[in-house]
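Here is what each chain is made of, one letter per residue.
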Amino acid sequence: MTAQVWCNARVATMLPGAPAPYGLIDQACIAVEGGTIAWVGPHAELPEAWRRGAIEHDVGGALITPGLIDCHTHLVWGGDRAREFELRLQGASYEDIARAGGGIVSTVKATREASEDELLAQARRRLRALMQDGVTTVEIKSGYGLSEEAEAKCLRVARRLGQAEGVSVRTTFLGAHALPPEYAGHSDAYIDEVVRMLPALHGAGLVDAVDAFCERIGFSVEQTRRVFDAAKALGLPVKLHAEQLSDSAGTQLAASYRALSCDHLEWLSEDGARAMARSGTVAVLLPGAFYFLRDTRVPPIELLRRHGVPMAVSTDCNPGTSPCTSLLLMLNMACTLFRLTPEEALAGATRHAAQALGLDDRGVLSTGRCADFVVWDVKHPAELSYAFGASPRLATVVEGQVR
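Rules behind the numbers
- Residues numbered from 1 in each chain as written.
- Predicted model: local features only at pLDDT ≥ 70, side-chain atom pairs only at ≥ 80, totals over all residues.
- Heavy atoms only, no water.
- UniProt positions renumbered as here; feature names shortened; annotations may be inferred.
- Pairing = 2+ DSSP bridges.
- Helix = DSSP H or I, 4+ residues; strand = E, 2+ residues; numbered from the N terminus.
- Axes fitted to C-alpha atoms, helices over the stretch in contact; angles between N-to-C directions.
- Buried < 20%, exposed > 50% of the residue type's maximum accessible area, 1.4 Å probe, protein only.
- Parallel < 35°, antiparallel > 145°, perpendicular 65-115°, else oblique.
- Left-handed = near helix turned anticlockwise from the far one by under 90°.
- Contact = heavy atoms within 4.5 Å.
- Nonpolar A, V, L, I, M, F, W, Y, C, P; charged D, E, K, R; others polar.
- Salt bridge = Lys/Arg side-chain N within 4 Å of Asp/Glu carboxyl O.
- Polar contact = N/O pair within 3.5 Å; in protein donor to acceptor, adjacent residues only side chain to side chain.
- 1 Å grid on protein atoms, 1.4 Å probe; cavity = no way out; pocket = protein on both sides within 12 Å on 5 of 7 lines; lining within 4 Å.
- Points joined across faces, edges and corners; volume = space filled by probe spheres on them.

Labelled according to an unreviewed UniProt entry, the protein appears under the name Imidazolonepropionase, originating from Ramlibacter algicola. Looking at the Function (unreviewed entry) heading of the UniProt record, one finds this comment for the protein: "Catalyzes the hydrolytic cleavage of the carbon-nitrogen bond in imidazolone-5-propanoate to yield N-formimidoyl-L-glutamate. It is the third step in the universal histidine degradation pathway." Per UniProt, the comment on the protein under Sequence similarities (unreviewed entry) is "Belongs to the metallo-dependent hydrolases superfamily. HutI family."

This brings us to the sheet that holds strand S7 (residues 135–141). Backbone-to-backbone hydrogen bonds pair the strands of a sheet. The strands run either parallel or antiparallel. With respect to topology, eight strands assemble into an open sheet ordered S6-S7-S8-S9-S10-S11-S12-S13, the strand pairing being parallel. A strand with exactly one partner marks an edge of an open sheet, and here the two such strands are strand S6 (68–70) and strand S13 (311–313). Pairwise comparison of adjacent strand axes, ignoring direction, gives a mean angle of 25° for this sheet. Sheet topology places strand S9 (residues 209–214) next to strand S10 (residues 239–242); two bridges connect them, and they run parallel. Across the sheet, Phe-213 pairs through a bridge with His-241, a residue of S10.

Time to look at unusual backbone geometry. Even without being a glycine, Leu-146 presents a positive backbone phi close to 60°. By the element assignment, Leu-146 lies in the loop between S7 and helix H5 (148–165). Residue His-264 is not a glycine yet carries a positive backbone phi of 95°. Within the secondary structure layout, His-264 lies in strand S11 (residues 261–264). Look at His-264 and you get buried, because its relative accessible area is 3%.

Turning next to the packing of helix H4 (residues 116–132) against H5. In a pair of packed helices, the angle between the axes and the distance between the axes together describe the arrangement. For the pair H4 and H5, the least separation of the axes is 9 Å and the interaxial angle reads 50°. Relative to H5, the element H4 is oriented oblique. The crossing of H4 and H5 is right-handed. Between H4 and H5, the contacting residues are Glu-116, Asp-117, Leu-119, Leu-120, Ala-123, Arg-124, Leu-127, Arg-128 and Met-131 on the first element and Lys-153, Cys-154, Arg-156, Val-157, Arg-160, Leu-161, Ala-164 and Glu-165 on the second. When grouped by side-chain class, the residues that make up the contact of H4 with H5 number nine nonpolar, no polar and eight charged.

This part covers the pattern of salt bridges. Evaluated as defined, the whole model comprises 27 salt bridges. Of the charged contacts in the structure, one is a salt bridge between Arg-226 and Asp-192, with a shortest N-O distance of 2.1 Å. Note that Arg-226 is positioned in helix H7 (residues 221–233) and Asp-192 in helix H6 (residues 187–203), a separation of 34 residues in sequence. Overall, Arg-226 belongs to the partly exposed group, its relative accessible area being 31%.

All right, on to the UniProt feature "binding site: Fe(3+)" (unreviewed entry) in the protein then. With numbering aligned to this structure, UniProt lists the feature "binding site: Fe(3+)" (unreviewed entry) at His-72, His-74, His-241 and Asp-316. The largest pairwise C-alpha distance within this set of annotated residues, which runs over 245 residues, is 12.3 Å, so the set is compact in three dimensions. If you trace the backbone, His-241 turns up in strand S10. Within the structure, His-241 has its side chain in polar contact with the side chain of His-72 (distance 3.3 Å). Along the polypeptide, Asp-316 turns up in the loop between S13 and helix H12 (327–336). In this structure Asp-316 comes out as buried when scored by relative accessible area, which is 2%.

The full count for this structure, using the stated rule, is two cavities of 30 Å³ or more. The wall of the second largest cavity is formed by Pro-66, Gly-67, Ile-69, Thr-136, Arg-362, Gly-363, Val-364, Cys-370 and Asp-372. Considering only residue class, the lining of the second largest cavity consists of four nonpolar, three polar and two charged.

In this structure, the largest pocket spans a volume of roughly 360 Å³. Around the largest pocket sit 20 residues that line it, and Ala-98, Val-105, Ala-178, Leu-179 and Ile-217 are the ones nearest its centre. For the lining of the largest pocket, the secondary structure elements donating two or more residues are helix H2 (94–99) and helix H3 (104–113). In terms of residue count, H2 provides more of the lining of the largest pocket than any other element does, three residues in total.

With eight of its nine residues buried, strand S1 (residues 4–12) lies for the most part within the structure. Pairing of S1 with strand S4 (residues 55–58), which is carried by four bridges, proceeds in the parallel orientation. The residue bridging Val-5 from the neighbouring strand is Glu-56, located in S4. One ladder, built from six bridges, connects S1 with strand S2 (residues 24–33); its direction is antiparallel. Each residue of the ladder has a partner; that of Val-5, found in S2, is Ala-31. Relative to strand S5 (residues 63–66), S1 runs parallel, the two sharing two bridges. When the sheet's bridge partners are listed, Arg-10 is paired in S5 with Leu-63.

As structure tokens, then:
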């Protein structure tokens, strides 16, 4: 494959500890061979070997960043929950709606009734919207099937999405998302079923990680532990929806399994933050859900900073609490609602998002990393967090190829 050089660029490498904010290099080049970055640095230092015979792409002074990574989505579902949105505006809480048979359970019914091709068509539109914002890697959770057959259907759709659209998809089994109606009042029996179905789904090549919803309207710490033990027996990494509505000490449990991430975290305690710091667990911030639910308790950002817990930012794209397909909007919300800096927000959708998925081959621009990057019609990386509703993407490169 012919080598390529992307030149006349401002490159935000997002490397940690770089001398300039964002790891910014002016008048820079990126040399790509195959699907891998072969060299990145100032144009004046481009090795002679890359000055001859390579295809040259002059971006005219545009900004290049790593490809964006949406590390927490529920992209595959049937139906919608617009009526619940109206109910919430009339004063009903998320928990009220869930206890009345709405919420996740209503999406489960619609998802079970939809065919695999119908789910693919709906999810494909959502994925393409994310790709318009420069997303090159996306995590997709199951959790709207809640039976082995329906969970497998959703996970197959997730795999097909990546193949159809030419982006990287990581699948996460979220069987312990909610209690299906046929198990009403029997949550322990349903956890038995989740533990039973996991090996078959994994054996079919459908699972990259395992998640659970540890919360008073979800599953207890002990029930979550059983799911994590089943994942550990299969060599699968875990992550957790934690401390969204209350402090359930789920983060401490997740950290004891060296979880890739704990997500939401509005009620995170100092003990939980310490545990995450020790285990290297990433805090995934989900400002879309915070905004949509009109929450008032902000995740403890200063606590996370003080303990050195890496912070990722994601859309949490889902039908009930964050029907959002713009990761750039989430960067803005992370800054305006949670008070992240623009540099922290961009790191949250690149370097730290990669860490939250257990991927060490992307999220920064450096030699040997995957050649996933985005060319933006902006001069400075802060503009990506600053202007909401903008569409500044000029080009997306995935594994060295323009998409």
